[in-house]
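# Structural characterization, general
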Amino acid sequence: MRRIAPVSHGFHTAAAQSRTAAQPPVQRLLAYGFSQAKRHSDPIPPWRSHILKPMTTQLSAPEFSTFTSLLAGSAVAVACALLVACGGDDDTPAPVAVNGQFLDAAVQGLAYGVGAAAKTATDANGGYSCNVGETLDFSVGGIHLGSAACAASTTPLTLAASTDVKDDKVVNRLLALQLLDTDSDPANGISIAPAVATALAGRTLDFSAPAASFNNAMAATLAVLPAAYQGRTVDATRRTLVKEHFEDTLASKLAKPVVEAVRQTNALGTVSAGITRYQIQAAASFYVPYEGSNAAVKAEFPNGFLPSYGSSLAFKGKSADGSLEFYGLTDRGPNGDGPKLPNTVLGAGASGTSDGKFFPSPSFVPSLGIISVGAGGAVLKSSLPLKFSASVNASGLSIAPGKVGSSGELPLNDAMRYVAGSKADFSDYGLDTEGVAVDAARGVVWVSDEYGPFILKVDPATGIILKKYQPGTGAADLPAVLAKRRPNRGMEGLTLDVASGRLHGFVQSPLDDGKASYVVPGATAATSENIRDYAKFNRWVQFDPTTETTKLYAYPIDSSMYTDGKTGNAKLGDLVSLGGGKFVVIEQGSGPDGKVFNRLMLVEIPANATDIAAMGSDLEKSSMTGAPVNGSSFAAVLPLKKTLLFDLNAASWLAEKAEGLALVDENTLALANDDDFGMKTLVLDPSGAPIAGGDITKCTVDANGAITTTASAAASGCTAGNSARVGRGADSERPNRLWLIRFDKKLADYSVPAP
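All values reported here derive from a predicted model rather than from experimental measurement. Every residue gets a number counted from 1 within its own chain, in the order that chain's sequence is written. Note on the predicted model: pLDDT of at least 70 is required for a residue's local features to be given, and 80 or more for side-chain atom pairs to be given and counted; whole-chain, interface and lining totals, by contrast, use all residues. Values shown for side chains rest on all heavy atoms present in the structure; no hydrogens or waters enter the calculation.

Moving on to the packing of aromatic side chains. The description of an aromatic ring pair rests on the distance of the ring centres and on the angle between the ring planes. We call Phe, Tyr and Trp rings a pair once their centres come within 6.5 Å, taking the six-membered ring for Trp, and we label the pair stacked below 30 degrees between planes, edge-to-face above 60, and tilted otherwise. On inspection of all chains with the given rule, the structure shows 22 aromatic pairs. Look at phenylalanine 301 and phenylalanine 305: their rings are 4.6 Å apart centre to centre, the planes differ by 55°, and that puts the pair in the tilted class. For the residue pair phenylalanine 301 and phenylalanine 305, the accessibility class agrees, reading buried in each case. Put simply, the rings of Phe102, Tyr112, Tyr128 and Phe138 touch in pairs and so form one group of aromatic residues. Three labels apply to residues, based on accessible area from a 1.4 Å probe with only protein chains included: buried if under 20% of the type maximum, exposed if over 50%, partly exposed otherwise in between.

Only strands that DSSP links by at least two bridges are regarded as paired with each other. Each helix corresponds to a stretch of at least 4 residues labelled H or I by DSSP, and each strand to a stretch of at least 2 residues labelled E; elements are numbered beginning at the N terminus. Spatial ordering of the open sheet is given by 33-34-35-36, a layout of 4 strands whose pairing is antiparallel. Of all the strands in the sheet, just strand 33 (570-579) and strand 36 (641-647) have a single pairing partner and so form its edges. Each strand axis lies, on average, 30° off the axis of its neighbour in the sheet, ignoring direction. Bridge analysis of strand 35 (residues 596-604) against strand 36 gives 6 bridges, and the strand direction is antiparallel. Across the sheet, valine 603 pairs through a bridge with lysine 642, a residue of strand 36. Axis angles are defined between N-to-C directions and span 0 to 180 degrees, where every axis is a line fitted to C-alpha atoms and, for a helix, only to the segment in contact.

Our next topic: the nonpolar core. By nonpolar core is meant a set of buried Ala, Val, Leu, Ile, Met, Phe, Trp, Tyr and Cys residues that side-chain atoms within 4.5 Å join together. Counting 45 residues, the largest nonpolar core has Leu110 and Met218 as the members making the most contacts within it. In terms of residues, this core owes the most to one element, helix 7 (residues 168-179), which gives 7 residues. A contact between two residues is defined here by any heavy atoms of the two lying within 4.5 Å. When residues no more than four places from it in sequence are discounted, the contact partners of leucine 110 are Phe102, Thr120, Ala121, Thr122, Phe138, Ser139, Val140, Leu145, Leu177 and Ile192. Listed in part, the 27 residues of the second largest apolar core include Val271, Leu602, Trp739 and Leu747.

The strand order across the open sheet formed by 4 strands is 27-28-31-32, and the pairing between neighbours is antiparallel. Each edge of the open sheet carries a strand with a single partner, namely strand 27 (491-497) and strand 32 (549-556). In this sheet, neighbouring strand axes are inclined to one another by 25° on average, regardless of whether the strands run parallel or antiparallel.

Secondary-structure assignment places arginine 332 in the loop between strand 13 (324-329) and strand 14 (336-342). Identification of polar contacts relies on pairs of N or O atoms within 3.5 Å, with a donor-acceptor requirement for protein atoms, meaning one able to donate a hydrogen and the other able to accept it, and with residues adjacent in sequence counted only if both atoms are side-chain atoms. A polar side-chain atom of arginine 332 sits 3.0 Å from a polar atom in the side chain of tyrosine 451. Only 3.3 Å separates the side chain of arginine 332 from the side chain of asparagine 488, close enough to count as a polar contact. Apart from residues no more than four positions distant in its own chain, arginine 332 is found in contact with Lys357, Phe359, Phe364, Pro366, Gly396, Glu409, Leu431, Asp432, Thr433, Tyr451 and Asn488.

A few words on the state of the cysteines. Here, two cysteine sulfur atoms that lie within 2.5 Å of each other are counted as a disulfide. Across all of its chains, the model carries 2 disulfides by this definition. Sequence-ordered numbering of the bonded cysteines in the protein gives a pairing of 1-2, 3-4.

Turning next to unusual backbone geometry. It is generally the case that most residues other than glycine have a negative phi and that most peptide bonds are trans. The step from glycine 452 to proline 453 runs through a cis peptide bond, and the omega angle for that step is -5°. For proline 453, the position within the fold is in the loop between strand 22 (444-449) and strand 23 (455-458). Phi at methionine 416 takes a positive value of approximately 60°, unusual for a residue other than glycine. The topology assignment puts methionine 416 in the loop between strand 20 (410-412) and strand 21 (433-439). With a phi angle near 55°, aspartate 676 is a residue other than glycine that sits in the positive phi range. Mapped onto the elements of the fold, aspartate 676 is located in the loop between strand 38 (668-673) and strand 39 (679-684). By relative accessible area, aspartate 676 is classed as partly exposed at 26%.

Glancing now at the confidence of the model for the protein. For the protein, the average pLDDT comes to 90, and 88% of its residues sit at 70 or higher. Scored from 0 to 100, pLDDT records how confident the predictor is in each individual residue. Considering only residues more than four positions removed or in separate chains, one finds that residues 1-58, a stretch of pLDDT under 50, has 85 contacts. In this model, residues 68-88 is a region of pLDDT below 50 whose contacts with residues beyond four sequence positions or in other chains number 31 contacts.

Position of arginine 725 among the secondary structure elements: in strand 42 (residues 723-728). A polar contact of 3.0 Å, which involves the side chain of arginine 725, links it to the side chain of glutamate 300. Not counting the four nearest positions on each side in its chain, arginine 725 is found in contact with Asn294, Ala296, Val297, Glu300, Lys680, Thr681, Leu682 and Leu684.

Turning to the pairing of strand 43 (residues 737-743), a few remarks are in order. In terms of burial, strand 43 is largely enclosed, as 6 of its 7 residues are buried. Here 7 bridges tie strand 11 (residues 269-279) to strand 43, and the two strands are oriented antiparallel to one another. Its bridge partner being in strand 43, glutamine 279 is matched across the sheet by arginine 737. Inspection of the sheet shows strand 38 paired to strand 43 by 5 bridges, in the antiparallel sense.

Structure below.
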């Protein structure tokens, strides 16, 4: 084999060396490789062992991958391939080793190897090792996921030879990996147990199969595994969920965010937007410790409850590295629906019952977090607890009956008991925070809540509440009628109109104050119905911090959009001001089909909109009867105008609670969900197994926390001997999502069409 004589070719001159000294290794290697390719006609140029080998060994795996990609199809690429693949004489270079990572999340326990060689399993970080030029086969038991060239990273896109995350061949592989995960929680990585690989030794899957066929095949695969795997669903929702997780992985681990173009047609015409989906990553220090003693709860939440900073969202600005920063808000903390309790637990002789709420982490403090969105994805960076003073934290616990902000909910321990004086007792500092707005001009942030409802002026540096506004009759109070809010349906959103300096928000659902005559859908005669179920509007709040005055407007609710025609099934989420009296509002609830929907509505306040602040709940009654009630006439009220802007569910939004909305720039919205700290309430049979369709809110317990039999609610699990506890929430609800939605048109340029 010919060798290169030690002569000064152009590449080796002092001037050339000076010119290339500052070049990255890949560029230096390319420059030399191409210069030598021109000088030699050998298919295996002799310079490969003398110069190419030492230079390639100086490259990192990503640099070598870049180098070989740039040389694809060239003569030098052929030489490079031969460099790492051939052997023989003393010129044969050493293999170039690569330490790579398999990513859906990091996948542990995935078998890999070259051809028929013995397989090795990926480590806890999804790590594998190989040599450049090798082709790796990946499998689980007998299921072959695909092959890929040795590289610094491998994903299901690589194995499917696709660039489209929606490709069935990609999603099928995502389904297999995520459904075979030991704890079915890809957010903390994917681990495939050796026993699973053994059980699947004789099975195969066709990853090129259509979605429906593959779903059936995957369900059959899970059926041969232990019971924990058999209960995992394989359907269209799951397919969306696994894809959503993978999109976040691409953005946060490989800096390759996916932007999906979505077009929708509605009364505004064709609305086009690009959506980038993230899931908020949080360190273990942000998890919320469980403070109870139930062993099953400890087992399901070994690290505590998930962080939840999506009850509201506000854009804070850009950091020095160009990342977007947001304020994310928690609500009152981990809590779960509870049963009804006899009021005798509050005092002897009391009558009736009150609703209970589980507080498994009663020491939790409602908090403001800072979320960064950049090259590393969406990351929770810090959390600031809210305080009433430097030494007194806010609490998420219920406010006692008879005090402003009381929701009538009793805080419960794990035994479904209210125990006065315990950690889970009433608090005068209780807040159920749900809305946040940045006020740069005043140097504060504003927060609203569901208990009071209150509006809070907060110092963003310390978290100290500088002032609290509440419903009352004082000059600076919020209108007293707002205290009639339905429990757990207070002020859900808040935004600032920068030009006017006024805050805007709303009560989440219709007020709860009495009944009126109403013909329910399907009936022929009027009956007396609760206004919280059928009133035709929600109360919109406009608060001026300068004058400390409030106006209220009517936000119209179309009963035909909701289950059983009940406007009480409507739940407004959050809102942002676009300026000029325009807003975008999250409107959500259960539709006529019983399924939850989430929509972005374009809302305008007409110049002559009716201020209803002085009107009591007779106005809600009038909206139901169609006639004046005690002088209040809804027919005389000019409400807000609204129209559909964007259907979130049609854009693959899965979460039930879309509750955070922020304006990033004139074209872009950010959207977040409340993940309920990854938990919900389970009703259990005497063996401890969850009861399908269990609904603890329909049950009553005695003073000792024991469920009493309710014949009419037996299907909900309300039978003596059953019990309840908090448990893991639905997989589709657990991710704390953050979406960026960039519209092709400036949002302020949209207008509600004339009726």
